[in-house]
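# Summary of the model geometry
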Amino acid sequence: MAATAAASRSSSLLLSRRHGASLSSSSSASRAGASRLRAPRCVLGTAEQLRVVEAGKPVGGADPWAAAWTPKTPAQEARLAALPQEARDSRLKIFSGTANRPLAQEIASYLGVDLGKILIKRFADGEIYVQLQESVRGCDVFLVQPTCSPVNENLMELFIMIDACRRASARSITVVIPYFGYARADRKAQGREAITAKLAANLLTEAGSDRVIVCDMHSAQALGYFDIPVDHIYGQPVILDYLASKTISKDLVVVSPDVGGVVRARAFAKKLSDAPLAIVDKRRQGHNLSEVMHLIGDVKGKVAIMVDDMIDTAG
């Protein structure tokens, strides 16, 4: 009887131990699974957690989860900050097309950098060939190319320059266009017309440019045609400084060449000690054809300053 009771006690004890072990293993597995399900991916471990240090002491107290958290600096920006100044300057590259190379040379000289070496030539059938003569990998590239006459040649040359920089692994491509061609057709004045300002903006974006810098666009609404950032620079402050440096009679008048430029001329006149304003009533018979009908305002015996955004025929 005693042996039988001892055997039953030992078997029950063994079963209880096995049952307890299985319960503990299942409970630990369930806790581990719950922790995997509940723990957000953004929470870091105690050893990996970032701490903000002020005056050499971590902020947050003893609780590891109470420590203040700050996002990491992007690796690319951290590497850039660690570079010396001369190495950082080498990341800036300025290239010029054939439209206005002296302007690009002056910009580079003002910034204290050398103009980038680029090969641009034309084949016998008129096709444009562009090759960068130096590495732009990881660099911030600026392309200076106004789309003045011949507009189509210069615009296509700019597209090919953008493509060459993109395929050469440039970090960013900024297009500097002092004169933005095809900007005058920014709306449909008549039926079945093309909006070339939007088309040119789309082509610049699709070619691979990251930012556009333009000067005195034909209309501010054309800035909304771009799907990339646009910096609109005004030449008015430079012109005002130039006029202030000249000996001009105080008896001057600002003239708007058409009704559409009244707002621009009025703003310019206000900055010239609130000078009087005159308006030319101009009628267009067709493209590049205009006729002056009336002159609104007094210009007799005064110094007239005519302000316009685009001079095509000067008619």
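Residues numbered from 1 in each chain as written. Predicted model: local features only at pLDDT ≥ 70, side-chain atom pairs only at ≥ 80, totals over all residues. Heavy atoms only, no water.

### Things to note about the sheet that holds strand E3 (residues 92–96)
- The five strands are arranged E3-E6-E7-E8-E9 in an open sheet whose pairing can be described as parallel. Only two strands of the sheet have a single neighbouring strand rather than two, namely E3 and strand E9 (230–233). Neighbour to neighbour, the strand axes of the sheet diverge by 15° on average, direction disregarded.
- Here five bridges tie E3 to strand E6 (residues 140–144), and the two strands are oriented parallel to one another. Residue pairing for E6: Lys-93 is matched across the bridge by Val-141.
- Where helix H5 (residues 151–167) meets the sheet, its contacts fall on E3, E6 and strand E7 (172–177), and the angle it forms with E7 comes to roughly 160°. (Pairing = 2+ DSSP bridges. Helix = DSSP H or I, 4+ residues; strand = E, 2+ residues; numbered from the N terminus. Axes fitted to C-alpha atoms, helices over the stretch in contact; angles between N-to-C directions. Contact = heavy atoms within 4.5 Å.)

### Comments concerning helix H6 (residues 196–207)
- The end-to-end C-alpha distance of H6 is 16 Å, a good match for the 16 Å that twelve residues give at a rise of 1.5 Å each.
- For H6, the full list of buried residues reads Thr-196, Ala-197, Ala-200, Ala-201, Leu-204 and Ala-207. Down the axis, H6 shows its buried residues gathered within 145° of arc, on one side only.
- Gly-208, located one to two residues past H6, shows a positive phi value of around 125°. (Expected span 1.5 Å × (residues − 1). Buried < 20%, exposed > 50% of the residue type's maximum accessible area, 1.4 Å probe, protein only. Arc of directions from axis to C-beta.)

### Observations regarding the packing of aromatic side chains
- Throughout the structure, instances matching the rule amount to two aromatic pairs.
- Arranged with centres 6.0 Å apart and planes meeting at 70°, the rings of Phe-123 and Tyr-129 form a pair that is edge-to-face.
- Tyr-129 gets classed as partly exposed once you look at its relative accessible area, which sits at 29%.
- Its end group placed over the ring of Tyr-129, Lys-121 keeps NZ or CZ at 5.3 Å from the ring centre. (Phe/Tyr/Trp six-rings, centres within 6.5 Å; stacked < 30°, edge-to-face > 60°. Lys NZ or Arg CZ within 6 Å of the ring centre and 35° of its normal.)

### Structural notes on the nonpolar core
- Membership of the largest hydrophobic core comes to 34 residues, with the highest contact counts inside it found for Leu-143, Ile-162, Ile-177, Phe-180, Leu-204 and Phe-226.
- Listed by contribution, the elements that provide at least two residues to this core are strand E4 (118–122), strand E5 (128–132), E6, H5, E7, H6 and strand E8 (211–215).
- For this core, the element with the highest residue contribution is H5, accounting for seven residues.
- If near-sequence neighbours (up to four positions away) are discounted, Phe-226 is found in contact with Phe-180, Ala-201, Leu-204, Val-212 and Met-217.
- Core analysis: the next-biggest nonpolar cluster, separate from the first, contains eleven residues, Leu-240, Val-254, Leu-272 and Ile-305 among them. (Core = buried A, V, L, I, M, F, W, Y, C linked by side-chain atoms within 4.5 Å.)

### Examining the pattern of salt bridges
- By the definition in use, this model includes eight salt bridges.
- A salt bridge links Asp-140 to Arg-171; the shortest N-O distance between them is 3.0 Å. One end of the pair, Asp-140, is in strand E6; the other, Arg-171, is in the loop between H5 and E7, with 31 residues separating them in the sequence.
- Across the salt bridge formed by Arg-211 and Asp-231, the nearest N and O atoms sit 3.3 Å from each other. (Salt bridge = Lys/Arg side-chain N within 4 Å of Asp/Glu carboxyl O.)

### Quick word on the packing of H5 against H6
- Running from amino to carboxyl end, H5 crosses H6 at an angle of 25°, the nearest separation of the two axes being 9 Å. Looking at the two axes, H5 sits roughly parallel to H6. From H5, Leu-158, Phe-159, Ile-162, Asp-163 and Arg-166 reach across to H6, where they touch Leu-203, Leu-204 and Ala-207.
- For the contact of H5 with H6, a count of residues per class yields six nonpolar, no polar and two charged. (Parallel < 35°, antiparallel > 145°, perpendicular 65-115°, else oblique. Nonpolar A, V, L, I, M, F, W, Y, C, P; charged D, E, K, R; others polar.)

### Focus on unusual backbone geometry
- Between Ser-149 and the following residue, Pro-150, the backbone shows a cis peptide bond with an omega angle of 0°.
- With respect to the element layout, Pro-150 can be found in the loop between E6 and H5.
- Within the chain, Arg-192 stands out as a residue other than glycine whose phi angle is a positive 60°.
- Within the secondary structure, Arg-192 is located in the loop between E7 and H6.
- A positive phi angle, near 55°, is found at Ser-273, a position not held by glycine.
- Among the structural elements, Ser-273 can be located in the loop between helix H8 (262–271) and strand E11 (277–286).

### Description of the pairing of E4
- Summarising the sheet, E4 and E5 pair through five bridges and their orientation is antiparallel. Paired with Ile-120 across the bridge in E5 is Val-130.
- Here E4 folds back onto E5, and the loop between the two strands holds five residues, one of which, Gly-126, carries a positive phi near 95°.

### Brief notes about the layout of surface pockets
- By volume, the second largest pocket is sized at about 340 Å³.
- Along the wall of the second largest pocket there are 15 residues; nearest its centre are Ile-107, Val-176, Pro-178, Ile-213 and Ile-233.
- With four residues, helix H4 (residues 101–111) is the largest single contributor of residues to the lining of the second largest pocket.
- Here the lining of the second largest pocket is composed, by residue class, of 14 nonpolar, no polar and one charged. (1 Å grid on protein atoms, 1.4 Å probe; cavity = no way out; pocket = protein on both sides within 12 Å on 5 of 7 lines; lining within 4 Å. Points joined across faces, edges and corners; volume = space filled by probe spheres on them.)

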